[in-house]
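Listed below, chain by chain, are the residues.
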Amino acid sequence: MPTSAPKPMLIDGQFTPGSGAEPPLASVNPATGALNHHVAAAGAAEVEAAVHAATRAAQAKAWRTLLPPQRAALLHRISELMQRDADTFARHQMLENGKVWGECVAQVKSAAATFRYYAGVCETMTSELTPERGAYLSMTVHEPYGVVAAITPWNSPMTMEAQKVAPALAAGNAVLLKPSEVTPSAALELGRIALEAGLPPGVLNVLPGTGAGVGAALVAHPGVRMVSFTGGTESGRRIAEAAARKLMPVALELGGKSPHIVFDDANLDEAAEAVAGGIFEGSGQSCVAGSRLFVQRRVHDALVEKLVARARSLKVDLPDAPGAQMGPIATFAHRDRIAQMVQAARHEGAELLAGGHAPADDRLAGGAFYLPTLIGGVSNRAAIAQQEIFGPVLCVLPFEDEDDLLAQANDSVYGLAAGVWSADFRRAWRVARALEAGTVWINTYKQLSIATPFGGFKHSGLGREKGLSGMRLYQQAKGIYVGL
Ligand code: NAD
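Asks: Which parts of the structure should I look at to understand the site of the ligand?
Replies: As a matter of local geometry, the ligand sits amid 29 residues, with K178, E181, S235, L254 and E388 nearest to it. Contacts to the ligand include W154, whose side-chain N or O atom sits 3.0 Å from an oxygen atom. Taking L254, its main chain carries an N or O atom lying 2.7 Å from a nitrogen atom of the ligand. Among the elements of the structure, α8 (211-220), β10 (226-230) and α9 (233-246) are those that each provide at least two residues to the shell around the ligand. A class-by-class count of the residues in the shell around the ligand yields 13 nonpolar, 11 polar and five charged.

What follows is the structure, encoded as structure tokens:
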């Protein structure tokens, strides 16, 4: 068991252990239960120091007067350093949330590409000259908020952190990054390479700690002018309530219960592969996991047969084992919660078609594993079909026709994403337009592009990250008039 001092946090360009007022966070490997290390947690004193440093850094000439090409050069450098240290980043994520190695490596690449993309956006976005209406010129320019807090979850820390930090810096803000208490290490590495890249001290601060502690303190602090949050819907609601008191803008990327829809004219092999990938990749711990399968009655049995075969043949293993397709759940507590939800559904009459328990493999007995699980015999109104499970659990729900499908698929408080499989493009288009979701995939699933805005309808969120407008999220417009 490691006995070294807790990893320090980053405030004002210095790695510091902080005051020690908060108990350190334990970073645990969910594949084995072993302690990786401890991480120093920020408390009230560190929040105060970091907000002070970020406020000063946001206003200092060294950052405020940098031209977009100069900020872009820094973002490019961060992207390069992230790729140079890709193995370190990937390893931290694998050891903290248990994602399989290949997925961790792909996520570092994606995070580095996000920094590169926002370097380009930063350098090319223009201010606008608005149409003439009199003897004056009017322009719209876009200015940073100043100090922005970025609060992230544990499922894909590197991509989520890049998705917030890169555009917020491109926009000219100073950032206070609060990573999940489960996965603080990748954020600390990001802080390290940002300093190496030459970001001025205080422009990026990294404050590990709990949501109720440092997270809530950042949201409430008068010096924080905007919050960008990704996480659960209930946490998002609490943040929005606190932000309302300060009249502070928030961007909220929240939970989902995404419908994955298969019509009877779809290519069933392709659909089965995508449906399985859409729910079992990352052990189902994805906000856009397709967790409700709507399958047209005529092909129900054929598709279920293919999915059961896939669920049973997926290689659930240690995340660095060769060929591993699914690792553990990110924490033991979360694994137990998933198991309880499946158990409760069975008590209410759900039929277990595959999985529903931990693997019987002795090598995996010390980890938080749970098998790919398929559930049938429930209605869309059942708790298991309505609540976000955030695990490898798919509910299979038959439908009759398009009207029946839309009524059921849209019957959810969430509206993050959806998938439609059909050979009839007119129908697929009609359904895509009628679905209440921020992202709809037709004959593909979980295809994500940094250039395409992303966010939720209904209780899945507020605002859109990514794309050109992803930088504007971190800026406020100012009109300037010049008399002629
Ligand atoms: P969570 O809401 O428990 O925590 C997310 C982050 O918020 C953590 O850093 C946590 O410490 C912090 N936090 C919690 N309460 C807070 C508060 N009151 N004030 C300030 N900060 C607070 O979520 P999680 O369990 O880490 O992540 C899983 C959830 O995230 C799922 O619901 C999932 O759907 C969602 N998610 C959404 C997206 C998306 O883009 N829409 C992406 C990934 C995950």
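Asks: Explain the pairing of strand β12 (residues 259-262) here, please?
Replies: Put simply, side chains in a regular strand alternate between the two faces of the sheet. Every second residue of β12 is oriented toward a common face, with P259 and I261 on one face and H260 and V262 on the other, all of them buried. Sheet topology places β12 next to strand β13 (residues 292-296); four bridges connect them, and they run parallel. Considered in β13, the bridge of H260 is made with L293. In terms of handedness, the path from β12 via helix α10 (residues 268-280) over to β13 forms a crossover that is right-handed. Bridge count for β12 against strand β18 (residues 417-421) is three bridges, and the pairing is parallel. When the sheet's bridge partners are listed, H260 is paired in β18 with G419.

Asks: Can you help me understand the nonpolar core in this one?
Replies: Considering soluble globular proteins, one finds that nonpolar side chains tend to be buried as a cluster. M82, F115, L190 and L204 are the most contacted members of the largest nonpolar core, which has 55 residues in total. Looking at this core, the elements that each hand over two or more residues are α3 (68-84), α4 (86-97), α5 (101-124), β7 (147-151), α6 (157-170), β8 (174-178), α7 (185-197) and β9 (204-206). In terms of residues, this core owes the most to one element, α5, which gives 10 residues. For L190, the residues in contact, after removing those within four places along its chain, are I78, M82, F89, F115, V165, L177 and L204. Of all hydrophobic cores here, the second largest spans 38 residues; its members include L268, V299, A311 and L374.

Asks: Can you help me understand the pairing of β8 in this one?
Replies: Extensive coverage of β8 is indicated by the burial of five of its five residues. Residues A174, L176 and K178 of β8 are buried on one face, and the alternating residues V175 and L177, pointing to the opposite face, are buried as well. Viewed along the sheet, the connection from β7 through α6 into β8 turns out right-handed. As judged from the three bridges shared by β8 and β9, these two strands associate in the parallel manner. Paired with V175 across the strands is L204, a residue of β9. On the question of chirality, the crossover connecting β8 to the parallel β9 by way of α7 is right-handed.

Asks: Help me understand the side chain of Q93, please; the structure alone is not making it clear to me.
Replies: By the element assignment, Q93 lies in helix α4. Beyond its immediate stretch of four places on either side in the chain, Q93 contacts G98, K99, C104, Q107, S156, P157 and M158.

Asks: Is there a simple way to think about the side chain of T439 in this case?
Replies: In this fold, T439 is placed in strand β19 (residues 439-442). The class of T439 is buried, set by a relative accessible area of 14%. Residues within four places of T439 in sequence aside, it is in contact with L416, A417, A418 and F454.

Asks: Help me understand the layout of surface pockets in this model?
Replies: If a probe the size of a water molecule is rolled over the atoms, the empty space left behind becomes visible. The calculated volume of the second largest pocket comes to roughly 620 Å³. Forming the boundary of the second largest pocket are 28 residues, of which H142, E143, P144, A171 and G172 lie nearest the centre. Secondary structure elements with two or more residues in the lining of the second largest pocket: α1 (44-59), α3, β6 (136-144), α16 (469-472) and β22 (475-483). If one sorts the elements of the lining of the second largest pocket by residue count, β6 sits on top with four residues.

Asks: Just to check I follow, could you spell out the packing of α10 against helix α11 (residues 300-313) for this structure?
Replies: Helix-helix packing is described using two parameters, namely the angle between the two axes and the distance between the axes. Here α10 crosses α11 at 50°, and the two axes come no closer than 10 Å. On the basis of their axis angle, the class for α10 and α11 is oblique. Here α10 runs over α11; the crossing is right-handed. On α11, the residues that touch L268, D269, A272, E273, V275, A276 and F280 of α10 are A302, L303, K306, L307, R310 and A311. Of the residues assigned to the contact of α10 with α11, the class counts are nine nonpolar, no polar and four charged.

Asks: Which parts of the structure should I look at to understand the pattern of salt bridges?
Replies: Once the charged atoms of two side chains with opposite charge are near each other, the side chains can pair. Taken as a whole, this structure holds 25 salt bridges when the rule is applied. R472 serves as the salt-bridge partner of E128, at 4.0 Å between the closest nitrogen and oxygen. Of this pair, E128 sits in strand β5 (residues 128-129) while R472 sits in helix α16, and the two are 344 residues apart along the sequence. Since its relative accessible area comes to 34%, E128 is described here as partly exposed. Across the pair D336 and R335 runs a salt bridge, and its minimum N-O distance is 3.1 Å.

Quick notes on the rules
- Residues numbered from 1 in each chain as written.
- Predicted model: local features only at pLDDT ≥ 70, side-chain atom pairs only at ≥ 80, totals over all residues.
- Heavy atoms only, no water.
- Near = heavy atom within 4 Å.
- Polar contact = N/O pair within 3.5 Å; in protein donor to acceptor, adjacent residues only side chain to side chain.
- Helix = DSSP H or I, 4+ residues; strand = E, 2+ residues; numbered from the N terminus.
- Nonpolar A, V, L, I, M, F, W, Y, C, P; charged D, E, K, R; others polar.
- Buried < 20%, exposed > 50% of the residue type's maximum accessible area, 1.4 Å probe, protein only.
- Pairing = 2+ DSSP bridges.
- Right-handed = clockwise from strand over helix to strand, strands pointing away.
- Core = buried A, V, L, I, M, F, W, Y, C linked by side-chain atoms within 4.5 Å.
- Contact = heavy atoms within 4.5 Å.
- 1 Å grid on protein atoms, 1.4 Å probe; cavity = no way out; pocket = protein on both sides within 12 Å on 5 of 7 lines; lining within 4 Å.
- Points joined across faces, edges and corners; volume = space filled by probe spheres on them.
- Axes fitted to C-alpha atoms, helices over the stretch in contact; angles between N-to-C directions.
- Parallel < 35°, antiparallel > 145°, perpendicular 65-115°, else oblique.
- Left-handed = near helix turned anticlockwise from the far one by under 90°.
- Salt bridge = Lys/Arg side-chain N within 4 Å of Asp/Glu carboxyl O.

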